[in-house]
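Residue-level structure breakdown
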Amino acid sequence: MNHQAKVARLAKAVAQSWPTPGGLVLAKASVSHVVPGAHEPRANAKPLDLKSLNEILLIDADKQIAVAEAGVSFYDLVQATLPLGLMPAVVPELKTITVGGAVSGCSVEALSYKYGGFHDSCLAYELVNGRGEIINCSRQVNPDIFEMIHGSYGTLGILTKITCKLLPAKPLVKMTYLKFSDFADFWDNLQELCAGSTDNFIDAIIHAPNKFTICLGQFVDKAPYLSHYDWLKVFYKSTWQKTEDYLTTSDYFFRYDADCHWLSKTVPGLENKLVRALIGKFVLGSTNLINWSRRLKKLLAALKRRPDIIVDVFIPQNNFPKFYRWYAKDFNFFPLWIVPYRPRLAYPWLNETITKAAAGQLFIDCAIYGRPNNNPGIDWSKVLEDKVFALGGIKTLISQNHYSPERFWQIYNRQNYNAIKNRLDKNNKFGDLYQKMCQK
């Protein structure tokens, strides 16, 4: 079935559907990266099938653009672009993240200090609205819709097609690891590197309060050896053990996938090489690890145990030292993944108070993966959320959220959101952003 036929069928299904509590359920081919809640009221609803929206429609090497259906994974997109010497401007780190998910959510990576999030490199979207109409938008056509789709988590429409920029790429990446034992030295060097004119990939891992690594990646044509981190070896550990490394470009993009960063640490023995050799093929990788976490959600609910904390928080550059001092002293969970991120503009889906305070700054994405939260006396998820808000930061909504409606709309721009919501989904078929992400 061609793209137009698939979208027409979806549009008809949406037009004939009725609003349901929490919004329509969408069945996708890839695993969802929204952290499952203990109670999912929509779990038994009949889903709309989006599994066929998984084709790359065009790669134009001359114009350096790609056109893909929303369900295309970045792994598949990269396998198609790299043989042509091209890559998406920002490639999220897990193989199963889709181009549509990266737009609706907040995907960033090691070129985000230079190019922003993946959505910042997008040129046009096609989507189906709540009336079953097919809408096209870009910075020239329906620009107000275009700028609000990012960060809407599927509550404004169903993305069906994305057009994005591509950048030149080479087949190999050389990694250089800069080590620091002092936060001030680490922070000064990280800011200086991000401010310089460089083509390097830049991210960082804080292994412990006195173990900081800045990870620099650079395209190369040749390598004396190649490392692989898709089975027996653990990537994040190598960044402290080594001073340099070489990976294929594809392996670099998905270097965190096998362990889903370090969620494998939560499974006893899974970082042991022998255990990985025996069962790694069945349990490692973002798809396997996320699926296992979903199987465990009902058990956690029965035990009345809070889920581990898995979340990204974005801290304005000027407040990051204050945040880190608190994090190291009170929150105290490592490793911590650090991704510098420079937004392309003041995003209209954010409250102006936040965009004005952070104008001209980097945001520092702090990715927290797997902190236990089973102390009955304190909910560290709530404590983290409050601290991020106090420092003018933003928390992705993929995990447990505690916001009151009043607090939520101090972060997100209610006026702008409602204006586009009324145009695209007045009958609320896709769910309200606050209700969908904060009441589950």
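Residues numbered from 1 in each chain as written. Predicted model: local features only at pLDDT ≥ 70, side-chain atom pairs only at ≥ 80, totals over all residues. Heavy atoms only, no water.

On to the side chain of T249, then. In this fold, T249 is placed in helix α8 (residues 249–253). When neighbours within four sequence positions are excluded, T249 is seen to be in contact with L82, K170, P171, L172, V173 and F219. (Helix = DSSP H or I, 4+ residues; strand = E, 2+ residues; numbered from the N terminus. Contact = heavy atoms within 4.5 Å.)

What follows is about the sheet that holds strand β15 (residues 363–371). Across a sheet, strands are paired by hydrogen bonds formed along the backbone, either parallel or antiparallel in direction. The strand order across the open sheet formed by eight strands is β12-β9-β11-β10-β14-β15-β13-β16, and the pairing between neighbours is antiparallel. Each of the sheet's edge strands pairs with one partner strand only, and the pair in question is β12 (244–248) and β16 (394–395). Against the sheet, helix α6 (residues 183–195) contacts β9 (172–180), β10 (201–208), β11 (211–220), β14 (336–341) and β15, and its axis sits at roughly 25 degrees relative to β11. Helix α13 (residues 380–390) contacts β13 (309–316), β15 and β16 of the sheet and is inclined by roughly 15 degrees relative to β13. (Pairing = 2+ DSSP bridges. Axes fitted to C-alpha atoms, helices over the stretch in contact; angles between N-to-C directions.)

Attention now goes to the packing of aromatic side chains. Considering all chains together, one arrives at 39 aromatic pairs under this definition. Between Y327 and F334, the aromatic rings sit 5.7 Å apart at their centres with planes inclined by 80 degrees, giving edge-to-face as the arrangement. For Y327, a relative accessible area of 0% puts it in the buried group. Classification of F334 by relative accessible area gives buried; the value is 12%. With a centroid separation of 5.2 Å and 65 degrees between ring planes, the pair formed by F408 and Y434 is classed as edge-to-face. Remark: Y434 occurs in helix α16 (residues 433–438) and F408 occurs in helix α14 (residues 405–411); sequence separation between them is 26 residues. Relative accessible area serves as the criterion here: at 0%, F408 is assigned to the buried category. Residue Y434 is classed as buried on the basis of its relative accessible area of 9%. Members of the aromatic cluster, joined through ring pairs, are Y347, W349, Y403, F408, W409, Y412, Y417 and Y434. (Phe/Tyr/Trp six-rings, centres within 6.5 Å; stacked < 30°, edge-to-face > 60°. Buried < 20%, exposed > 50% of the residue type's maximum accessible area, 1.4 Å probe, protein only.)

Moving on, we get to the packing of helix α11 (residues 320–331) against α13. One can describe the packing of α11 onto α13 by two numbers: an axis separation of 12 Å at closest approach and a directional angle of 165 degrees. What the angle tells us is that α11 and α13 run roughly antiparallel. Judged by the sense of rotation from one axis to the other, the crossing of α11 with α13 is right-handed. Facing F323, W326, D330 and F331 of α11, the residues of α13 in contact are W380, V383, L384, K387 and V388. (Parallel < 35°, antiparallel > 145°, perpendicular 65-115°, else oblique. Left-handed = near helix turned anticlockwise from the far one by under 90°.)

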